[in-house]
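# Coordinate analysis (summary)
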Amino acid sequence: MTDPEKDLEDRLSELERIAASLEPSAEARGVLRDAVIAYTEKFIEEIYTLPAYNVTGDKGREIYASPISEGPMPVDEVLRLFAHAVDRPGLNPASHGHLGYIPGGGIYASAVADYLADITNRYAGIFYGGPGAVRLENMLIAWMASLTGYPAGAGGNLTSGGSIANLIGIVAARDAKGIGSRDVGRSVIYLTDQAHHSVDKAIRIAGLAECPLRRIPVTPFHRMDASLLELTMKKDRASGLRPFLVIGSAGTTDTGAVDPLANIADLAEAHDCWFHCDGAYGAFFILCSGMNRILSGMERSDSLVMDPHKGLFLPYGTGAVLVRDRRRMHDSFRYNASYLLDAMSDADELSPADLSPELTKHFRGLRLWLPLKIHGLRPFRACLEEKLLLARYFWEKIRECDGFEAGPQPDLSVVTYRYVPKRGNADEFNKVLIEKIQNDGRVFLSSTRLGGNFVLRLAVLAFRTHRWTIDLTLKLLTDYAREIEREF
Ligand SMILES: *Cc1c(COP(=O)(O)O)cnc(C)c1O
């Protein structure tokens, strides 16, 4: 005879014993922590000599050779696998030499804050569950609102990045303007071809792909031509269409150009349009003195995207969106389910879950709050101003280098330039040049196409980039250009 009660108890004991390794002892925690800390300390010690870009044949394929299995693997072996398969091939975004795309960050205080957030695992989705965590995030949103000149009634959300932030802004615009399926065909969206592709993606996800889309041409400074925007809006109105949404960039990804935001705000107002401003890359430059001139008009937008994982040097995983009228956000994203009735009755503060597509989410506020508290704002302002000046420095120097020409003086911290060879095709030459730089690996640059030309970019936003990195880049560019010129 088996005793079912005894069987159940035996099985519970057995399961408890097997699951016990998920709650390691102080000693086991120490072993794990020491190994990881040793790894990260070595990484930081060596970061200024590690390549910014590593061309490898395997591209991390080794990870497949170690499938997930029933049994454990020793931490040293796990870290060896991570080092080789993950932390080696491709781009090293933590590098001072990351000068491509829009560089990311990775400040140490955020890493420690993530550790704190992960151990305590506070719930930052709903006020009822995590009132302190929600207040902390709402306080950061209010801080960003005051920074950018948004009113006190603004709402916002800390997102995983700029893409979701753009999506939230565009969905709020759709609902605020009452665009239902029947209105889509006559509700016009205005943007330039320099708008980030996450904006196009958001338009599609929001069900607005069939809205007439007007690509307003840019000026030679790569900024939206406001007079053409006005003309197009008037023409659309005259032909019975309804201007609905204008998307301006506070710093485009390609060239760092800032659209004429104040003019856009005027036109949006005149035509009863929602003004969505994408400042994922550029909005935090408002922290630098004098930048309110270039970014002027940003504060008049209806929704604004700003990415702390770009402009405040945080590790990847934290973007933000602000919406001037927080009720608009709430209308689009509020959440109510019967099992959340407790949560509904206790609402001194708006809950992030009512302002975004997410319910349960990472407590991303802590990785922003802790560094700001620990360091204060001053070093962030200095680091941002340094980036602006480094871009200006590079722009001035590269134009003096034999054979190089540069685009317009940068609005922010992106410079476009290219080498014009004495003979042969310039596009081909610059492709070879960037390939040589990437194979060299000490710095990473990226390229784009502007006005039909293949051009090179330098984007300064990594917090570790200082003047010597820019001098090294100038030397690499001129040395390799000379070398190619000999063979070309
Ligand atoms: C990076 C970027 C985005 C997208 O942000 P993610 O954080 O990568 O999702 C959107 N707009 C601009 C202008 C950007 O530079």
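As the structure is a computational prediction, the values presented were derived from the model and not from experiment.

### Section: the sheet that holds strand β11 (residues 414–419)
Strand pairing in a sheet relies on backbone hydrogen bonds, with the paired strands running either antiparallel or parallel. Taken together, four strands build an open sheet; the order of strands is β10-β11-β13-β12 and the sheet is antiparallel. Taken across any chain shown, the strands that pair with only one partner, and hence form the sheet edges, are β10 (404–406) and β12 (446–450). When strand polarity is set aside, the average angle formed by the axes of neighbouring strands in this sheet is 40°. With four bridges connecting them, β11 and strand β13 (residues 453–459) associate as antiparallel partners.

### Description of the site of the ligand
Around the ligand, a shell composed of 15 residues is seen, among which Gly-162, Ser-163, Asp-278, His-309 and Lys-310 lie nearest. Contact between the ligand and Asp-307: an oxygen atom at 2.7 Å from a side-chain N or O atom of the residue. Protein coverage of the free-state accessible area of the ligand, which is 380 Å², stands at 85%. Looking at the shell around the ligand, the elements with two or more residues in it are α6 (162–176) and α11 (308–311). The element that contributes the greatest number of residues to the shell around the ligand is α6, accounting for three residues.

### Considering the sheet that holds strand β3 (residues 155–159)
On the basis of which strands lie adjacent, the open sheet formed by seven strands has the order β3-β9-β8-β7-β6-β4-β5 and mixed pairing. Among the strands making up the open sheet, the edge pair consists of β3 and β5 (213–215). The average angle at which neighbouring strand axes cross in this sheet is 15°, direction not considered. Where strand β7 (residues 274–279) and strand β8 (residues 303–306) come together, four bridges link them in parallel fashion. What sits directly across from His-276, in β8, is Ser-303.

### A closer look at helix α15 (residues 378–400)
Compared with the 33 Å implied by 1.5 Å per residue over 23 residues, the 33 Å span of α15 between its first and last C-alpha is a close match. If you check which residues of α15 are buried, you get Phe-380, Cys-383, Leu-384, Lys-387, Leu-388, Leu-390, Ala-391, Tyr-393, Phe-394, Trp-395 and Ile-398.

### Here's the deal with helix α12 (residues 326–333)
Because the α-helix completes a turn every 3.6 residues, residues three or four places apart line up on one side. Buried within α12 we find Met-329, Ser-332 and Phe-333. Looking straight down α12, one finds its buried side chains confined to an arc of 80°; they lie on one side. Of the surrounding secondary structure, the elements contacted by the buried residues of α12 are β3, α6 and β9 (319–323).

### Here's the deal with the nonpolar core
Met-144, Leu-229, Val-246, Phe-284, Phe-285 and Met-298 are the most contacted members of the largest nonpolar core, which has 66 residues in total. Among the domains, domain 2 (113–375) and domain 3 (378–487) are the pair contributing at least three residues each to this core. Setting aside its immediate chain neighbours within four residues, Met-144 contacts Leu-158, Phe-284, Met-306, Ala-320, Leu-322 and Leu-368. Ranked by size, the runner-up nonpolar core spans 30 residues in total, among them Phe-404, Ile-434, Leu-456 and Tyr-480.

### Section: the pattern of salt bridges
A complete count under the given rule lists 29 salt bridges for this structure. A salt bridge links Asp-266 to Arg-300; the shortest N-O distance between them is 2.7 Å. Of the two residues, Asp-266 is situated in helix α9 (residues 261–270) and Arg-300 in the loop between α10 (291–294) and β8; the sequence distance between them amounts to 34 residues. In this structure Asp-266 comes out as partly exposed when scored by relative accessible area, which is 41%. Among the salt bridges present, the one from Glu-485 reaches Lys-422, with a minimum N-O distance of 3.8 Å. Here Glu-485 is found in helix α17 (residues 467–487), whereas its partner Lys-422 is found in the loop between β11 and α16 (426–440), with 63 residues between them in sequence. For Glu-485, a relative accessible area of 9% gives the class buried. Salt bridges sharing partners connect three or more residues here, namely Arg-135, Asp-348 and Glu-349.

### Let's talk about the pairing of strand β6 (residues 242–249)
Of all eight residues that make up β6, seven are buried, and the element is covered over most of its length. Pairing between strand β4 (residues 187–191) and β6: four bridges, direction parallel. Its bridge partner lying in β6, Ser-187 is registered against Arg-242. Handedness of the crossover is the feature at issue here: the chain leaves β6, passes through α9, returns alongside β7, and the resulting connection is right-handed.

### Quick word on the packing of aromatic side chains
Aromatic ring pairs are defined here through the distance separating the ring centres and the angle between the ring planes. The full count for this structure, using the stated rule, is ten aromatic pairs. Between the aromatic rings of Phe-313 and Phe-380, the centroid separation amounts to 6.4 Å while the plane-to-plane angle is 15°, which identifies the pairing as stacked. Of the two residues, Phe-313 is situated in the loop between α11 and β9 and Phe-380 in helix α15; the sequence distance between them amounts to 67 residues. You can call Phe-313 buried: its relative accessible area is 2%. Judged by centre distance (6.5 Å) and plane angle (55°), the ring pair of Phe-313 and Phe-463 falls under tilted. Linking Phe-313 in the loop between α11 and β9 with Phe-463 in the loop between β13 and α17, this pair joins segments that are 150 residues apart in sequence. As far as burial versus exposure is concerned, Phe-313 and Phe-463 are alike and both buried.

### Looking at a negative patch on the surface
On the surface, a cluster of negative charge is made up of Asp-3, Glu-5, Asp-7 and Glu-9. Assignment of secondary structure puts Asp-7 in helix α1 (residues 4–19).

### As for the side chain of Thr-465
With respect to the helices, strands and loops of the structure, Thr-465 is situated in the loop between β13 and α17. Here the side chain of Thr-465 touches His-96 through a polar contact of 2.6 Å, landing on its backbone oxygen. Aside from chain neighbours lying at most four places away, what touches Thr-465 is His-96, His-98, Leu-99, Glu-386, Lys-387, Leu-390, Val-460 and Ile-470.

Basis of the calculations
- Throughout, residues of each chain are indexed from 1 in the direction in which the sequence is written.
- Local features in this predicted model are restricted to residues whose pLDDT is 70 or higher, and side-chain atom pairs enter the listing and the counts only when it is 80 or higher, whereas totals over whole chains, interfaces and linings include all residues.
- To get the side-chain values, all heavy atoms of the structure are used, and hydrogens and water are removed first.
- Should DSSP find at least two bridges between two strands, the strands are regarded as paired.
- Where helices and strands are cited, they refer to DSSP runs of H or I of at least four residues and of E of at least two residues respectively, numbered from the N terminus.
- Angles here are taken between N-to-C directions and fall from 0 to 180 degrees, while the axes themselves are lines fitted to C-alpha atoms, restricted in helices to the stretch in contact.
- To be near a molecule or strand, a residue needs just one of its heavy atoms within 4 Å of it.
- N or O atoms closer than or at 3.5 Å make up a polar contact, with two conditions inside protein: a donor-capable atom paired with an acceptor-capable one, and, for residues adjacent in sequence, both atoms drawn from side chains.
- Accessible surface area values rest on a Shrake-Rupley calculation with a 1.4 Å probe, where residue burial reflects the displayed protein chains alone.
- Helix span is expected to be 1.5 Å times the residue number reduced by one.
- In this scheme, a residue with accessible area under 20% of its type's maximum is buried, one over 50% is exposed, and one in between is partly exposed, where area comes from a 1.4 Å probe on protein chains only.
- Directions pointing from the helix axis toward each C-beta atom define the arc.
- By definition in these notes, contact holds between two residues if any of their heavy atoms fall within 4.5 Å.
- Take the buried Ala, Val, Leu, Ile, Met, Phe, Trp, Tyr and Cys residues and link them wherever side-chain atoms come within 4.5 Å; each set so joined is a nonpolar core.
- These domain limits were set by an automatic method or by a database of domain assignments.
- The term salt bridge refers to a side-chain nitrogen of Lys or Arg lying within 4 Å of a carboxyl oxygen of Asp or Glu.
- The definition of a right-handed crossover adopted here requires that, viewed with the strands pointing away, the path from the first strand over the helix to the second runs clockwise.
- Centres within 6.5 Å make a pair out of two Phe, Tyr or Trp rings, where for Trp the six-membered ring is used; the pair is then stacked when the planes are under 30 degrees apart, edge-to-face when over 60, and tilted otherwise.
- Each patch is assembled from residues with relative accessible area greater than 30% and no salt bridge, linking like charges that lie within 9 Å and nonpolar side chains (Val, Leu, Ile, Met, Phe, Trp, Tyr) that lie within 5 Å.
- The convention is simple: Lys and Arg are positive, Asp and Glu are negative, and His and the chain ends are not counted.
- Charged groups are reduced to one reference atom each: NZ for lysine, CZ for arginine, CG for aspartic acid, CD for glutamic acid.

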